Amino acid sequence: MRILVNDEQRDVTNTTLATILNELGYGGARIATAVNGTFIPASQRDTVTIIEGASLEVLAPMQGG
Amino acid sequence: MEFYGTQLSSRLMLGTAQYDSPALLAQSVEASGASVVTVSLRREAAGAQAGQAFWSLVKSLGVHILPNTAGCHGVREAVTTAHMAREVFGTDWVKLEIIGQGDLLQPDVFGLVEATRILTEDGFKVFPYTTEDLVTAERLLKAGAEVLMPWGAPIGSGRGLNNVFGLRALRAHFPNTPMVIDAGIGRPSHAAMAFELGFDAVLINTAVAKAGNPVRMGEAFRLACEAGLAGYAAQPIEERDMAVPSTPTLGLARGLAVE
């Protein structure tokens, strides 16, 4: 299915957030996620199902003022 | 000094953005003696290592971490970002920024109050980036903030303390609330002045990161903070409109030729 990852279209075969993150290459990275604008804690990634057209936000640490 | 029950060894807080290299950032933090650094979150492509490398660097600095919500323009966006930052950085501290006006990066104080209330109820310890407005400060404290971060001047402007009268009034109205002058400080003397006015800490980024010599500027800010704090503790004299001779006039020679 096709989803948006940080506003870029990506085709994925998995359906849970955790497996999709692994499929995309984020496995083990220190990241935070939101699906369709809603924060999804890491503890819930295994149980959240992603559907066609979903928008996934993946954020990582960055310099800030 | 403490924020939300956490004792801090230094009253200088340093932003981590705009340094030419990670090494320069680390050296500047050390030279400044900062006890807190601010950090942020950004999108990262799969496989990219920038965020992970930055996280390793921040951990190695051995200072407290204050994540921000920089770039947020609405309450929901800021609240979501705060939750994501709490998970990534492992702290319930958040520097809450909601920008309401682009040219001056002026805080949206209405959204700020609402987001402070929501995040406080969610267990966050909120450091709201605000103006010197007294009513806004009152609302933020009622919403649950225990620390305020009034601006000195617009972010990155280096203008120092734009409204000394307003900042002095803010300090006087809330004498027991820890307050950090955040944004606009361009020179060490600006930081010293913030402490002379009775503020508890300063947060600096651009003034150090973009200085010709960031490490030396970090040290200069450390010294300025110490000087300003000591000056405040020593109780400065009141300003006067008219001159008062400092040399005793008693026994002054009289009758000498003026010309």
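Given the structure is predicted, the values throughout are model-derived calculations rather than measurements. Once a new chain begins, its residue numbering starts again from 1 and follows that chain's sequence as written. Chain labels run from A onward and ligand labels from 1 onward, assigned in the order the entries are written. Where local features are concerned, this predicted model is filtered to residues with pLDDT of at least 70; where side-chain atom pairs are given and counted, the filter is 80 or more; whole-chain, interface and lining totals use all residues. With hydrogens and water excluded, all non-hydrogen atoms of the structure serve as input to the side-chain values.

## Some remarks on the overall build of chain A
Secondary structure elements are taken from DSSP: a helix is a run of H or I of four residues or more, a strand is a run of E of two residues or more, and numbering for both begins at the N terminus. If you tally the helices and strands in chain A, you get 1 helix and 5 strands. Reading chain A from its N terminus to its C terminus gives the helix and strand order β-β-α-β-β-β. Across its three principal directions, the C-alpha atoms of chain A cover 40 × 25 × 20 Å. Only protein chains enter the accessibility calculation, which uses a 1.4 Å probe. A residue is then buried if its area is under 20% of the maximum for its type, exposed if over 50%, and partly exposed in between. When the 65 residues of chain A are sorted by exposure, 45% land in the buried category. Counting contacts in chain A only where the partners sit at least 6 residues apart, residues at least 24 apart contribute 51% of the total. Accessible area for chain A stands at about 3200 Å²; split by element, carbon and sulfur atoms hold 46% of it. None of His or the chain ends enter the tally, which takes Lys and Arg as positive and Asp and Glu as negative. Here the site of a charge means atom NZ of a Lys, CZ of an Arg, CG of an Asp or CD of a Glu. Considering chain A, the positive charge centre built from 4 side chains and the negative charge centre built from 7 side chains are found 7 Å apart. In this description, contact between two residues means that some pair of their heavy atoms is separated by no more than 4.5 Å. In short, Shrake-Rupley with a 1.4 Å probe defines the accessible areas, and a residue's cover is counted only from the protein chains shown.

## Digging into the UniProt feature "domain: Thiazole synthase ThiG" (unreviewed entry) in chain B
According to UniProt, the positions carrying the feature "domain: Thiazole synthase ThiG" (unreviewed entry) are residues 3-248 of chain B. Annotated as 42% helix and 17% strand, the span residues 3-248 of chain B places its first and last C-alpha atoms 47 Å apart. UniProt positions are given in the numbering used here, feature names are shortened, and annotations may be inferred rather than shown by experiment.

## Some details on the pattern of salt bridges
Residue and element names in this part refer to chain B. By salt bridge we mean one thing: a side-chain nitrogen of Lys or Arg within 4 Å of a carboxyl oxygen of Asp or Glu. Enumeration over the complete set of coordinates arrives at 12 salt bridges over all chains. Put simply, Glu-121 and Arg-117 hold a salt bridge, and the shortest N to O gap is 3.3 Å. Pair noted here: Glu-121 and Arg-117 are both in helix 4 (residues 109-121), with a separation of 4 residues, about one helical turn. For Arg-117, a relative accessible area of 32% corresponds to the partly exposed category. Note that Arg-222 and Glu-219 form a salt bridge whose closest N and O atoms lie 3.7 Å from each other. Taken as a pair, Arg-222 and Glu-219 lie in helix 9 (residues 214-233) at a separation of 3 residues, close to a single helical turn.

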